[in-house]
Structures are given as structure tokens and as C-alpha cells.
Amino acid sequence: MSDRPSPRISSRKLPKQARSADLVAAILEAAVQVLAKEGATRFTTARVAEKAGVSVGSVYQYFPNKAAILFRLQSDEWRQTAGLLTNILSDTGRPPLERLRVVVHAFVRSECEEAQMRTALNDAAPLYRDAPEARVARVSGTQVVADFMREALSEATEPTRALAADLITTTLKEVGKRFSETPRTDAEITAYADGLADMFTAYLERLGHGPAGGAVTTNLRGEPPEPGTD
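Nothing here was measured: the structure is a model prediction, and the numbers come from that model.

1. A look at the overall build of the chain
In step 1: Counting secondary structure elements, the chain contains 10 helices and 0 strands.
In step 2: Taken from N to C terminus, the helices and strands of the chain fall in the order α-α-α-α-α-α-α-α-α-α.
In step 3: A buried classification covers 38% of the 230 residues belonging to the chain.
In step 4: The long-range fraction of contacts in the chain, counting pairs at least 24 apart against all pairs at least 6 apart in sequence, stands at 69%.

What follows is the structure, encoded as C-alpha cells:
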């Protein structure tokens, strides 16, 4: 393991006035444009400052280096994804499996709509992925998924719920990333999300969840399980 120190990626200070907040917003918007146009390898603080129409010194007031800017973009994306999961999965007015289907559709569509930026951020990840702040930020959203699994798989053991949460979130991220690497039509996105949602809901049903929203002891055909089977 390398002993190389992690880069400093925390912001130098938080904007306290509206003018300062506007400056940070302009810097981040410029950073998005530079990253999308130049890619991670040509992304520099100087290019961001030029695009934002401010001095490099103004950028350094809030971000110590380009890794800090890129991490801010990535952590904002993580927070948006966590917010998406929270808003949908916490809506107890819908049955759990319906919420899961909505999450899959929203996530896959988001991956496709923001594919260029996500790819660029993934390329930039080596600049900040080993920093402590990055490790903390990556776990955002995991609690809401764990809470959802406790509801959806109320009769299952905690290890089973943890496995289901990890399997579904990992598959959704990796498959969504791969699918979004090619431009897709609206119909393709819908069909693909439907297929993923079908697999996930069938998996949860097999683990003990019924389509009506309550724990059941029937198999996928709606029949009681045979004696001696799960």
C-alpha cells in the first residue's frame, strides 16, 4: 500500500454571503463545462477560472486544487443520487416493489442523461478517491436502502437484507453505467429499466416479498411453497 498522502480535497471555506455563493456557483458551473469539453486529463484550475471569468486566485479562495473542484462535482452528484433514492424509497404511500421499480427507471434515465459527465468524473476519480472525504461521501444513500430492505424483507434475516441491498445497488450502478455508455432512445431506456426492475422485484419476491406490499410465503406463481422448500 502506498504511503503517499491523500490530496486535500475539502473546500477552503464555505461562502457566507450571497455574492460569495454566486461566485462558487459560477466556478462549479464553469467546472462542469470544462470537464465536459476537455475531459479529466485536460481539466485545470486555470481553465475553470477562465471559463468562469474570474481570477485563479478567486478559485483558490474556495478550492485548494483541481482535485477539490472535481471532488465537489462528484460529491454533489452522489448527494443528488442519494436524494433521488430517499425521495422514492421513503414514500411509504406506495408498496415497496412499486417504489423499487420507480427507482430503477429514474436511476437508469439519470445515468443516460448525464452519461458524459459521469464518465468524465469517473476518469477523474484517481485524483480524489483515496481521500477520507471521498470514502465518507460514497456511503451516502446506503442507510435509506437499508431501511427500505427492512420494510420490503420484513421476515428476512439481516444478512439476507444486506446481501439484497448490496446486490441490487451494485448491479444497478454497474449495469446502468455500461448501458449509458451508448446513446439510447427513450424507448430503449424504458425497456431496459423495465427488464432490470423485473429482475429485482422477482428477486425480492423470492426472498419473501409479495407484490401487494406485505411479506408472503408464496412462490413467484402465487402458490404456497411445497413442504420442505423455501
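Right, picking up where we left off after that structure.
2. Let's talk about the environment of Leu97
In step 1: Note that Leu97 resides in helix H5 (residues 96–113).
In step 2: The sequence separation of Leu97 and Ala152 amounts to 55 residues, and the corresponding C-alpha distance is 7.6 Å.

3. Quick notes on helix H4 (residues 66–89)
In step 1: Its 24 residues place the ends of H4 35 Å apart at the C-alpha level, agreeing with the 34 Å of an ideal helix rising 1.5 Å per residue.
In step 2: The distance from a side-chain oxygen at the start of H4 to the backbone nitrogen of Ala67 is 3.2 Å, and the residue carrying that oxygen is Asn65.

4. Focus: the pattern of salt bridges
In step 1: Taken as a whole and judged by the stated rule, the model has 12 salt bridges.
In step 2: Note that Asp91 is salt-bridged to Arg94, the shortest N-O span being 3.9 Å.
In step 3: With a relative accessible area of 33%, Asp91 lands in the partly exposed category.
In step 4: A salt bridge links Arg94 to Glu98; the nearest nitrogen and oxygen atoms lie 3.5 Å apart.
In step 5: With relative accessibility at 32%, the residue Arg94 sits in the partly exposed group.
In step 6: Take Glu98: its relative accessible area is 38%, and that puts it in the partly exposed class.
In step 7: Several salt bridges converge on common partners, so that one network encompasses Arg72, Asp76 and Arg79.

5. Remarks on the nonpolar core
In step 1: Counting 29 residues, the largest nonpolar core has Val104, Val108, Met149, Leu172 and Leu204 as its most contacted members.
In step 2: Taken together, the elements giving at least two residues each to this core come down to H4, H5, helix H8 (142–152), helix H9 (158–180) and helix H10 (186–207).
In step 3: Among residues more than four places away in sequence, those in contact with Met149 are Ser154, Arg161, Ala164, Ala165, Ile168 and Leu204.
In step 4: If you look at the next biggest cluster of nonpolar residues, it comprises 27 residues, including Val34, Ala40, Tyr62 and Ala125.

6. So, the packing of H5 against H10
In step 1: The interhelical angle for the contact between H5 and H10, taken along N-to-C directions, is 145 degrees, at an axis separation of 9 Å. The two elements H5 and H10 cross, and the hand of that crossing is right-handed. Here Leu97, Leu100, Arg101, Val104, His105, Val108, Arg109 and Cys112 of H5 lie close against H10, whose contacting residues are Asp186, Ile189, Thr190, Ala193, Asp194, Leu196, Ala197, Asp198, Phe200, Thr201, Leu204 and Glu205.
In step 2: Tallied by class, residues from the contact of H5 with H10 come to 11 nonpolar, 3 polar and 6 charged.

7. Considering the packing of aromatic side chains
In step 1: For the coordinates displayed, the defined rule picks out 2 aromatic pairs.
In step 2: Measuring from ring centre to ring centre gives 6.5 Å for Phe71 and Trp78, while their planes differ by 70 degrees; the resulting arrangement is edge-to-face. One exposure class covers both Phe71 and Trp78, and it is buried.
In step 3: Note on Phe179 and Tyr192: the rings are 3.8 Å apart at their centroids and 15 degrees apart in plane angle, and the pair reads as stacked. Of this pair, Phe179 sits in helix H9 while Tyr192 sits in helix H10, and the two are 13 residues apart along the sequence.
In step 4: Since its relative accessible area comes to 4%, Phe179 is described here as buried.
In step 5: The exposure class of Tyr192 is partly exposed, given its relative accessible area of 34%.

8. Quick notes on the confidence of the model for the chain
In step 1: For the chain, per-residue confidence averages 82 on the pLDDT scale, and residues scoring 70 or more make up 78% of the total.
In step 2: For residues 1–6, every residue scores under 50 in pLDDT, and the model assigns this stretch 3 contacts once sequence neighbours within four places are set aside.
In step 3: Every residue in residues 209–230 is under pLDDT 50, and counting partners more than four places away or in other chains gives 30 contacts.

9. Side note on helix H1 (residues 18–38)
In step 1: The end-to-end C-alpha distance of H1, which contains 21 residues, comes to 30 Å, matching closely the 30 Å that a straight helix rising 1.5 Å per residue would cover.
In step 2: Downstream of H1 by a residue or two, Gly39 has a phi angle that is positive, lying close to 80 degrees.

Criteria and cut-off values
- Residues numbered from 1 in each chain as written.
- Predicted model: local features only at pLDDT ≥ 70, side-chain atom pairs only at ≥ 80, totals over all residues.
- Heavy atoms only, no water.
- Helix = DSSP H or I, 4+ residues; strand = E, 2+ residues; numbered from the N terminus.
- Buried < 20%, exposed > 50% of the residue type's maximum accessible area, 1.4 Å probe, protein only.
- Contact = heavy atoms within 4.5 Å.
- Expected span 1.5 Å × (residues − 1).
- Polar contact = N/O pair within 3.5 Å; in protein donor to acceptor, adjacent residues only side chain to side chain.
- Salt bridge = Lys/Arg side-chain N within 4 Å of Asp/Glu carboxyl O.
- Core = buried A, V, L, I, M, F, W, Y, C linked by side-chain atoms within 4.5 Å.
- Axes fitted to C-alpha atoms, helices over the stretch in contact; angles between N-to-C directions.
- Left-handed = near helix turned anticlockwise from the far one by under 90°.
- Nonpolar A, V, L, I, M, F, W, Y, C, P; charged D, E, K, R; others polar.
- Phe/Tyr/Trp six-rings, centres within 6.5 Å; stacked < 30°, edge-to-face > 60°.
- pLDDT = per-residue confidence, 0-100.

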